[in-house]
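# Descriptive analysis of the structure
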Amino acid sequence: MKTKKYAFKAEVSEMLDLVVHSLYSKKEIFLRELISNASDAIERAQYLGLTDKTIIADSPAWEINIVADKASRKLQISDNGIGMTAEEAESNLGMIARSGTQAFLDSLKSGGGTSAPDMIGQFGVGFYAAFMVASTVTVDTLRRGADQTAVRWQSDGKDGYTIGASDRATPGTTITLDIMPEHEHLIEEWQIKSLVKRYSDFIAYPIRLAVDGKEIDPDSEPLNTMRALWRRDKSGIKPEEYAEFYKHLTHDFSDPLRTIHYAAEGQLEFRALLFLPQKPTFDLFMPDRKHGLQLYVRNVFIGSDFEELLPPYLRFVKGVVDSSDLPLNVSREMLQDDVIISKIRKNLVGRILSELEALKRDDLKAYTDFFRGFGRVLKEGLHFDYENGDKLKELMLFASDRTADDGLISLRQYRNAMPSTQQEIYYLKAETLANARGNPHVEAFRKRELDVLFFVDPIDEWIIDALGEYDGCKFRAIDQGEIELGTEEEKSQAKEKLKDDEQQFRPLLDFIHARLTDDIKEVRLSNRLTDSASCLVADEAAMNPSMRRMMQAMGQEVPKTRRVLELNPSHPLLKRLLERFETERDSEEFAKQAELLYDLALVAEGSQPRDPHAFTLTLASRLAE
Ligand code: ADP
Ligand code: MG
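Residues numbered from 1 in each chain as written. Chains lettered and ligands numbered in written order. Predicted model: local features only at pLDDT ≥ 70, side-chain atom pairs only at ≥ 80, totals over all residues. Heavy atoms only, no water.

Looking now at the pattern of salt bridges. Counted according to the given criterion, the structure contains 42 salt bridges. Notably, a salt bridge pairs Glu595 with Arg610, separated by 3.1 Å at the nearest N-O pair. With Glu595 in helix α19 (residues 588-604) and Arg610 in the loop between α19 and α20 (612-624), the pair connects residues that are 15 residues apart, well separated along the chain. A relative accessible area of 13% places Glu595 in the buried class. On the accessibility criterion, Arg610 (37% relative accessible area) is partly exposed. Connected via shared salt-bridge partners are Arg515, Glu588, Glu595, Asp599 and Arg610. (Salt bridge = Lys/Arg side-chain N within 4 Å of Asp/Glu carboxyl O. Helix = DSSP H or I, 4+ residues; strand = E, 2+ residues; numbered from the N terminus. Buried < 20%, exposed > 50% of the residue type's maximum accessible area, 1.4 Å probe, protein only.)

This next bit is on the sheet that holds strand β7 (residues 172-179). On the basis of which strands lie adjacent, the open sheet formed by eight strands has the order β1-β6-β5-β4-β7-β3-β2-β8 and mixed pairing. Because the sheet does not close on itself, it has two edges, and the strands there are β1 (4-6) and β8 (207-211). On average, adjacent strands in this sheet sit at an angle of 15 degrees to one another, irrespective of strand direction. When strand β4 (residues 134-142) meets β7, the two strands line up antiparallel, connected through eight bridges. Residue pairing across strands places Thr136 opposite Asp178, the latter belonging to β7. Packed onto the sheet, helix α6 (residues 189-200) meets β2 (64-69), β3 (74-79) and β8 and runs at close to 170 degrees relative to β8. (Pairing = 2+ DSSP bridges. Axes fitted to C-alpha atoms, helices over the stretch in contact; angles between N-to-C directions. Contact = heavy atoms within 4.5 Å.)

Taking 1.5 Å of rise per residue, 21 residues should cover 30 Å, yet helix α10 (residues 364-384) covers just 26 Å from first to last C-alpha, more than 12% shy of that figure. Of all the bends in α10, the greatest, near 70 degrees, is centred on Phe374. (Expected span 1.5 Å × (residues − 1). Bend = angle between axes of the 7 residues up to and from the residue.)

With that settled, the discussion passes to the environment of Val523. By the element assignment, Val523 lies in strand β20 (residues 520-525). With 517 residues separating them along the chain, Val523 and Tyr6 place their C-alpha atoms 73 Å apart. Look past the residues within four positions of Val523 in its chain and what remains in contact with it is Arg506, Leu509, Ile512, His513, Leu565 and Leu567.

The relative placement of two packed helices is expressed as an angle between their axes plus a distance between the axes. Direction vectors running N to C along helix α16 (residues 488-516) and α19 enclose 85 degrees, while the axes themselves pass 10 Å from each other. As far as their axial angle goes, α19 and α16 are roughly perpendicular. Residues Leu508, Phe511, Ile512, Arg515 and Leu516 of α16 touch α19, and the partners they reach there are Glu588, Phe590, Ala591, Ala594, Glu595, Leu597 and Tyr598. Residue composition of the contact of α16 with α19, grouped by class: nine nonpolar, no polar and three charged. (Parallel < 35°, antiparallel > 145°, perpendicular 65-115°, else oblique. Nonpolar A, V, L, I, M, F, W, Y, C, P; charged D, E, K, R; others polar.)

Glancing now at the packing of aromatic side chains. This structure, assessed with the given rule, holds 23 aromatic pairs. A ring pair is formed by Phe581 and Phe590, whose centres lie 6.2 Å apart and whose planes are at 35 degrees; its orientation type is tilted. The exposure class assigned to Phe581 is buried, which follows from its relative accessible area of 2%. Here a set of aromatic residues connected by ring pairs shows up, and it is made of Tyr6, Phe8, Phe127, Tyr128, Phe131, Trp153 and Tyr161. Sitting over the ring of Tyr262, Arg351 keeps its end group 4.0 Å from the ring centre. (Phe/Tyr/Trp six-rings, centres within 6.5 Å; stacked < 30°, edge-to-face > 60°. Lys NZ or Arg CZ within 6 Å of the ring centre and 35° of its normal.)

Next up, the structure:
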């Protein structure tokens, strides 16, 4: 094989630059990354070997070896895992195949730089970490299976890489690092031992070390205990061990928010070690996002990314499930409608939801922070996991008219604060919190000290149906249909007053309606407003304004529905128009100003006025008077 030169893909060069120069302050983690790759490679070989016997024809004793030589400043990490073909070396080490990478680099450039260290791990830059400490990285690798040739990949991490022939004779991979003089201390025996202990103790294969020109002794005690954390007894595990394992699993830089570790026994036997992250990953809403859980069968790695283990609305949960009931040769296809898997899933979901409930109960502030990051995903569950609907409702948080700027309350809190006369849970759907707070419909509720939930998340539109009822109360949109507030006496007094007003205002109302018949079904007086002059009311069955805007934004035809324009007879603007009506009713100027009531109502609910330019002109000319 002739040695050929290749240039790194552009995003690799950028990434290398970031990794080497700025991101990791702990250079030592390069070792963890390389050991973790070695372990991945062995797991992969084991898994493929289940169905393709040529892969494990040599019946290997799986191992990871480290050879350190201070004199030549060389450090080698070898495994007898799956290895790579020349093509694999080129595509796995020469480019970053993950679709999120470019998006990540873009977000860094557009000023999101501060969160870079938190995020970069998720992109799998693992291997490139070697260039933080090495001037040259050489990979000698032989792919497992029949008829493979060994290849050598080599790079200085700057000008691309070469691929050529290698004299490696046994399957697996050896990474050789020429350690830079300033990082020489990383080749010390005690250093390596303590790094392996700290970062890689739970790796399931023996990691052995040879120093100063000696050979690896296969009978020597490994540096790691190899005890899969999830198989160990909970009581003996330190929080740091959980945190280290979590970081190994997710590449997250922060500790997990909560750890769930348990063994199911009886009819169903499995162990689960699950983590709730503190912050969402960048790909939470991307179509090719990763699913959280790894599946093991009796301590043998089967695969990651099994959607069958957890419903998509819990995709932020990371961790490991180890089953004693599944066959070792289980395949992805078999998992799809496997009874055991669906039982495990049910159990996991129950456990996770209870954990969230406990978090909410014990530390509402932490839960609120969590919900801000993951609430949108959790809400998907209301739609898809009917069975757990009641539990999920308890986990929901919303802003309301009473919450402080960024506060959220639960349905339970809202329900408990309802006066005995209130029968329904009031909500308003709006695009932003500011829009919701400024919406005229809220005024009457505020005046009567009734709280209103604000649904300002785009997904809220889709969960209203799924919410259905909470604790015997229906959900009621305050901008649809008539809602009568107050005591019987208040209601009848208000009706009387409205009747009187009606008599006075009737000609003006008819006049306005005549100008707006295309858009408006009816113009009437209302006492639902206090500060605003006008608002728009839809039929109870009608599509609400934010839904309309959303459909319009998606380019969909939205059926034209005419709403009711309600006017506030106590508002100075109405009073003034009434005074002028008799004398000015024939002037076009007056008519335009009267029509403003409609545009004002549109603006108040977050919609555009009919003709923004004309609207501002009319308004400005009035203000100048
Ligand atoms: P990740 O481990 O997240 O996939 P890395 O940057 O650590 O990302 O590694 C990139 C890829 O290089 C791996 O996905 C794997 O295909 C390949 N690779 C790295 N080290 C080894 C190894 N020791 N044996 C086989 N393949 C490896
Ligand atoms: Mg890796």
